[in-house]
Amino acid sequence: MPLRVNNLRLSIEEPEGNLSLHLARALGVTPADVGHWRVLRKSLDVRDKRQLQFVYNFAVEVHDEQRIAPHRAGGAQSPVQIEPYDDPPFTMPEPGKEPLPGRPVVVGSGPAGLVCGYFLALHGYRPIVLERGTPVNERIHDVQRFDAGGAFHPESNYLFGEGGAGTFSDGKLTCRGTGPDVMRVLELFAECKGQQIGKPDIITYHRPHLGSNRLPAVVKAIRRKIIAHGGEVRFHTKVEDLQCDEQGMRGVETSSGLIATPLVVLAIGHSARDTYEMLARRAVPMTAKPFQFGVRVEHPQTLINSVQYGPKHAAYEDQLGNADYSLVAHGEHDLFTFCMCAGGHIIPSVSQEGYFCTNGMSLSKRDSPFANSGLVVTVPVEAFEGTDVLAGMRLQERYEKKAFELGKGAYSVPTQRGVDFVKDRMTKVIPPGSYPRGKLSADLREVLPPLVAKAVKHGLMQMDRRWHGRFLPDAVLTGPETRGSSPVRIDRDSQSRESPGVRGLYPIGEGAGYAGGIVSAAVDGLRTARAIIQRYAQVEG
Ligand SMILES: Cc1cc2nc3c(=O)[nH]c(=O)nc-3n(C[C@H](O)[C@H](O)[C@H](O)COP(=O)(O)OP(=O)(O)OC[C@H]3O[C@@H](n4cnc5c(N)ncnc54)[C@H](O)[C@@H]3O)c2cc1C
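Once a new chain begins, its residue numbering starts again from 1 and follows that chain's sequence as written. Given that this is a predicted model, residues contribute local features only at a pLDDT of at least 70 and side-chain atom pairs are listed and counted only at 80 or more, while totals for whole chains, interfaces and linings are drawn from all residues. Excluding hydrogens and water, the side-chain values take into account all heavy atoms of the structure.

**Q** Whenever I open this one, the pairing of strand 10 (residues 257-260) confuses me. Can you help?
**A** Across a regular strand the side chains alternate sides, sitting on one face of the sheet and then on the other. Should DSSP find at least two bridges between two strands, the strands are taken to pair. Runs of H or I in DSSP of at least four residues are treated as helices and runs of E of at least two as strands, each being numbered from the N terminus. As paired strands, strand 9 (residues 248-254) and strand 10 are joined by four bridges and run antiparallel to one another. Within the sheet, the bridge partner assigned to Glu253 lies in strand 10 and is Leu258. With antiparallel pairing between neighbouring strands as the criterion, strand 9 and strand 10 make up a hairpin whose turn holds two residues.

**Q** How should I be thinking about helix 6 (residues 215-228) in this particular structure?
**A** Because each turn of an α-helix spans 3.6 residues, side chains separated by three or four positions end up pointing in the same direction. Given the number of residues in a helix, its expected span is that number minus one, multiplied by 1.5 Å. The end-to-end C-alpha distance of helix 6, which contains 14 residues, comes to 20 Å, matching closely the 20 Å that a straight helix rising 1.5 Å per residue would cover. Think of it in three bands: residues with accessible area under 20% of the maximum for their type are buried, residues over 50% are exposed, and the middle band is partly exposed, with areas taken using a 1.4 Å probe on protein chains only. Taken together, the buried positions of helix 6 are occupied by Leu215, Pro216, Val218, Val219, Lys220, Ala221, Ile222, Arg223 and Ile226. On its buried face, helix 6 is in contact with helix 3 (111-122), strand 6 (128-130), helix 4 (136-147), helix 5 (180-192) and strand 7 (232-234). Residues count as neighbours in contact if any of their non-hydrogen atoms are within 4.5 Å of one another.

**Q** Please explain the sheet that holds strand 3 (residues 53-62) as it appears in this structure.
**A** Within a sheet, each strand pairs with its neighbour through backbone hydrogen bonds, oriented either parallel or antiparallel. The strand order across the open sheet built from four strands is 2-3-1-4, with neighbouring strands paired in antiparallel fashion. In this open sheet, the two strands that pair with only one neighbour each are strand 2 (34-45) and strand 4 (81-84). Looking at each pair of strands side by side, their axes are set apart by 25° on average, direction ignored. As defined by bridge partners, strand 1 (residues 3-11) adjoins strand 3 across seven bridges and the pair is classed as antiparallel. When the sheet's bridge partners are listed, Arg9 is paired in strand 3 with Val55. Axis lines are fitted to C-alpha atoms, over the contacting stretch for helices. Their N-to-C directions set the angle, which ranges from 0 to 180 degrees. Relative to strand 1, helix 1 (residues 19-27) is tilted by about 115°, and along the sheet it contacts strand 1, strand 2, strand 3 and strand 4.

**Q** It is not clear to me how the pattern of salt bridges should be interpreted in this structure. Could you clarify?
**A** Opposite charge on two side chains lets them pair, provided their charged atoms get close. Any carboxyl oxygen of Asp or Glu that lies within 4 Å of a side-chain nitrogen of Lys or Arg is treated as forming a salt bridge with it. This structure, assessed with the given rule, holds 38 salt bridges. Note that Asp241 is salt-bridged to Arg282, the shortest N-O span being 2.8 Å. Residue Asp241 is found in strand 8 (residues 239-245), and its partner Arg282 is found in the loop between helix 7 (273-281) and strand 12 (286-288); the two are separated by 41 residues along the sequence. Since its relative accessible area comes to 41%, Arg282 is described here as partly exposed. Note that Asp524 is salt-bridged to Arg497, the shortest N-O span being 3.0 Å. With a gap of 27 residues between them, Asp524 in helix 13 (residues 518-535) and Arg497 in the loop between strand 22 (488-490) and strand 23 (505-507) connect regions that are remote in the sequence. Neither residue differs from the other here; Asp524 and Arg497 are each classed as buried.

**Q** Would you take a moment to explain the environment of Ala24 for this structure?
**A** Along the chain, the position of Ala24 falls in helix 1. The exposure class assigned to Ala24 is buried, which follows from its relative accessible area of 1%. Residues Ala24 and Phe235, spaced 211 residues apart in sequence, show a C-alpha to C-alpha distance of 53 Å. Residues contacting Ala24, with those up to four places away along its chain left out, are Val29, Thr30, Pro31 and Val34.

**Q** Looking at this structure, I do not really get the site of the ligand. What am I missing?
**A** Taken together, 38 residues lie around the ligand, and Glu131, Ala165, Lys172, Glu510 and Ile518 are the ones closest in. In this structure, Ala112 approaches the ligand through a main-chain N or O atom, which is 2.9 Å from an oxygen atom. Any pair of N or O atoms that falls within 3.5 Å is considered a polar contact. Within protein, one atom must be able to donate a hydrogen and the other to accept it, and sequence-neighbouring residues count only if both atoms are side-chain atoms. Contacts to the ligand include Glu510, whose side-chain N or O atom sits 2.7 Å from an oxygen atom. Here the shell around the ligand is built from residues that sort into 16 nonpolar, 16 polar and six charged. If a single non-hydrogen atom of a residue is within 4 Å of a molecule or strand, that residue counts as near it. We call Asp, Glu, Lys and Arg charged. Ala, Val, Leu, Ile, Met, Phe, Trp, Tyr, Cys and Pro are nonpolar, and the rest, Gly among them, are polar.

**Q** Explanation requested: unusual backbone geometry in the structure shown.
**A** Excluding glycine, residues mostly carry a negative phi; peptide bonds, for their part, are mostly trans. Residue Pro480 follows Gly479 across a cis peptide bond; omega there is 5°. Inspection of the secondary structure assignment puts Pro480 in strand 21 (residues 476-481). Despite not being glycine, Ala283 has its phi angle at roughly 60°, a positive value. Note that Ala283 resides in the loop between helix 7 and strand 12.

Shape is all these values report; function is a separate question.
What follows is the structure, encoded as structure tokens:
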């Protein structure tokens, strides 16, 4: 029986070539007794700055298990835990019996839509994936032009286009969930990341990261797989309306005409406000939900390295790359870090002309001299200043519009030093930073709901105390950061994953309120494909 060995701690200076020797020692056997082994997970522990450690979990076969019995008996005292490795395997069901009288349509090619489309195609359901934006190669040019000061493209930007918000995201492949579905998604991404082999490996490292420069290749490779398995991907095709009756879905009206279909997977992300409005008009069941709102903070990366890695940080930078961090400040409304981008860039994460908000990304090398992170508060539904289902979206819009105006309609970013924000004064000299389209000194309170502004002020001071006075002095705030999560949930049945209001409609991913990142959106896509496969027979013809 294979074993799982957890929590084997080694100095980061220890060569990886010695792992099998350490594994044998931990098991109390000779190296010859150790059979096939692999790293399940590798994480970095920076709590003791004198001795940073990698922490490993392994799956291992031992030739003669009897030999390790005494060690296992005494395992409670040892930091290393040894237990049977019995993770369930990844499975997909046999196709169901219910006939599906037409090809399924997947709306949106973000991680949720692409992965759902991939598994439907792989299992013979010939999906048609519709994307309002452009193929990723065109999209790269549109985004670069916008960053360089060019015009905003409403259908090809940081949020819309092939790969969705995932394409120009930071590419951190972290996910709270575990298990075979998460592993299958990571394996699919690893399989698709082509020639640029990433280290540390995205399947085992606890903070896997691809970077915005690698994501386009992944996205393209998944598209090619969908097509190779009989699916289709159509760009410049925005779904503008649903055609449904009491029997359920009949088709979708798109910017390129009507497509008849009995089954629609809605993977629209959290920024397709026109599509949310259409769903509300069609009375598709939706519920307002809390979402995250705040600012983006930027520091010099060397400061973060020194705080996280300690006095030997320069040596560790060479070995480990730039450091990240995660903080929570408790208060009436907690303030927490979100989407921290080591060696990253602040970007205009905009999907509508005349509105402005920030987000962050980094390239695979994480080599910009700046570190940025969202600092966000979860805004409860009661604070939405409205009672309709889209009240949260209107709250986002109100402050994003204000931010656009403050940025003089040129997508310059409203900026304030952290020390000035907590002292309620304007910033006179803005320090250098990574934002590409120019910064303007502003009172950030103007772009934050009062409860968020209060939590940011309180939280900044608490974070500064936690870092012994090193968080605040160099912190530069920009914002607003409004698109951390969806302000609305598109309801669905927890078992069938189908909308309770429209038969054949399957809301998935972040925009529907069932995911909060690349991997969780992709896993939601996979699980919805599984539910569809289990229920329906393969599409004929
Ligand atoms: C700058 C940035 C950095 C991020 N960094 C990370 C990170 O490091 N790690 C992480 O886990 N997450 C990150 N995220 C979040 C992550 O990108 C999202 O959680 C994820 O992409 C959500 O996937 P999705 O498929 O649900 O939706 P999306 O990725 O938003 O995709 C939705 C797609 O649907 C399309 N669409 C919308 N409406 C229509 C319509 N009517 N017709 C046709 N097509 C339509 C859109 O064009 C889009 O392509 C980041 C996000 C941003 C913006």
